[in-house]
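Results of the structural survey
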Amino acid sequence: MTARWQLSSVLGLEEIGALYEGTVWQPEAERFDESFLDAVLLQDRGFLDGEVPEEMVVYGAAKTGTVVYRSEDGWLRTVARPGAMPVPLAWVVAELGGSAAEELMEKSMFRAKNRSL
């Protein structure tokens, strides 16, 4: 599971409703759009720390089309470097989880320790 606040970081969006239109996650996305900015301003931990299904995050990441880059040494980065292979952000979420994807998008790099990439 991924926290709601991480969903915004992973997708790079403050409003996500359009990504999920017509899906099973549309009600959660609409709730997110209605409440997220106020929850951030008020630091409503109950809302922000509430979890969304990992599948919802994978779907959203796939819809954004965001690509990141992995190098042979296990580092994932948001900017291409020589020899790095492009991978969809959705793969990062599916394989490493929403927390790893959030850290990657926030810090522009993430080391996938003890992981076979």
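Residues numbered from 1 in each chain as written. Predicted model: local features only at pLDDT ≥ 70, side-chain atom pairs only at ≥ 80, totals over all residues. Heavy atoms only, no water.

1. Topic: the environment of lysine 107
Rules: Secondary structure elements follow DSSP: runs of H or I of four or more residues count as helices, runs of E of two or more count as strands, with numbering from the N terminus.
Among the structural elements, lysine 107 can be located in helix α6 (residues 98-107). Along the chain, lysine 107 and threonine 78 lie 29 residues apart, while their C-alpha atoms are 8.9 Å from each other.

2. Concerning the packing of aromatic side chains
Let me state the cut-off plainly: Here the aromatic set is Phe, Tyr and Trp, taking the six-membered ring for Trp, and pairing holds for ring centres within 6.5 Å; pairs whose planes are under 30 degrees apart are stacked, those over 60 apart are edge-to-face, and all others are tilted. A 1.4 Å probe rolled over the protein chains alone gives each residue an accessible area, and that area as a share of the maximum for its type sets the label: buried under 20%, exposed over 50%, partly exposed in between. For a Lys NZ or an Arg CZ to count as sitting over a ring, it must be within 6 Å of the ring centre and within 35 degrees of the ring normal.
Summed over all chains, the structure comprises four aromatic pairs. For the ring pair tryptophan 25 and tyrosine 59, a centre distance of 5.5 Å and an interplane angle of 50 degrees mean the geometry is tilted. Note that tryptophan 25 is positioned in the loop between α1 (4-11) and α2 (26-42) and tyrosine 59 in helix α4 (residues 54-64), a separation of 34 residues in sequence. Classification of tyrosine 59 as partly exposed rests on a relative accessible area of 29%. Between the aromatic rings of phenylalanine 32 and phenylalanine 36, the centroid separation amounts to 4.6 Å while the plane-to-plane angle is 15 degrees, which identifies the pairing as stacked. Residue phenylalanine 32 and its partner phenylalanine 36 are both found in helix α2; the two are separated by four residues, about one turn of the helix. Members of the aromatic cluster, connected to one another through ring pairs, are Tyr20, Trp25 and Tyr59. Just above the ring of phenylalanine 47 sits the side chain of arginine 4; from NZ or CZ to the centre is 4.5 Å.

3. Let's talk about the pattern of salt bridges
Heads up, the condition is: Salt bridges are defined by distance alone: a side-chain nitrogen of Lys or Arg within 4 Å of a carboxyl oxygen of Asp or Glu.
Evaluation of the coordinates by the stated rule reveals three salt bridges. Of the charged contacts, one joins glutamate 28 and arginine 4 as a salt bridge, the two residues approaching to 2.6 Å between their closest N and O atoms. With a gap of 24 residues between them, glutamate 28 in helix α2 and arginine 4 in helix α1 connect regions that are remote in the sequence. Linking aspartate 49 and arginine 45 is a salt bridge whose minimum nitrogen-to-oxygen distance equals 2.8 Å. Judged by relative accessible area, aspartate 49 falls into the partly exposed class, the value being 37%. For arginine 45, a relative accessible area of 37% puts it in the partly exposed group.

4. Examining the nonpolar core
This is how the line gets drawn: Residues belong to one nonpolar core when they are buried, are Ala, Val, Leu, Ile, Met, Phe, Trp, Tyr or Cys, and are joined through side-chain atoms within 4.5 Å. We call two residues in contact when some of their heavy atoms are within 4.5 Å.
Membership of the largest hydrophobic core comes to 29 residues, with the highest contact counts inside it found for Leu7, Leu11, Ile16, Tyr20, Leu89 and Val92. Here this core takes five residues from helix α5 (residues 89-96), the largest share from any one element. In contact with valine 92, other than residues within four places in its own chain, are Val68, Leu76, Val87, Gly97, Ala101 and Leu104.

5. Describing the sheet that holds strand β3 (residues 67-70)
Under the convention used in this document: The rule for pairing is simple: two strands pair if DSSP sees at least two bridges between them. Interaxial angle, 0 to 180 degrees, is taken between N-to-C directions of lines fitted to C-alpha atoms, where a helix line uses only the stretch in contact.
One open sheet accounts for four strands, arranged β5-β3-β4-β6; its pairing is antiparallel. Looking at strand neighbours, the two that pair on one side only are β5 (85-88) and β6 (109-111), the edges of this open sheet. Between one strand axis and the next, the sheet turns by 30 degrees as a mean value, whatever way the strands run. Pairing between strand β4 (residues 75-77) and β6: three bridges, direction antiparallel. Residue leucine 76 lies in a different strand from β6, and its bridge partner there is phenylalanine 110. Strands in contact with α5 are β3, β4, β5 and β6; relative to β5, the strand with the most contacts, it is inclined by about 70 degrees.

Treat this as a map of the structure, not an account of what it does.
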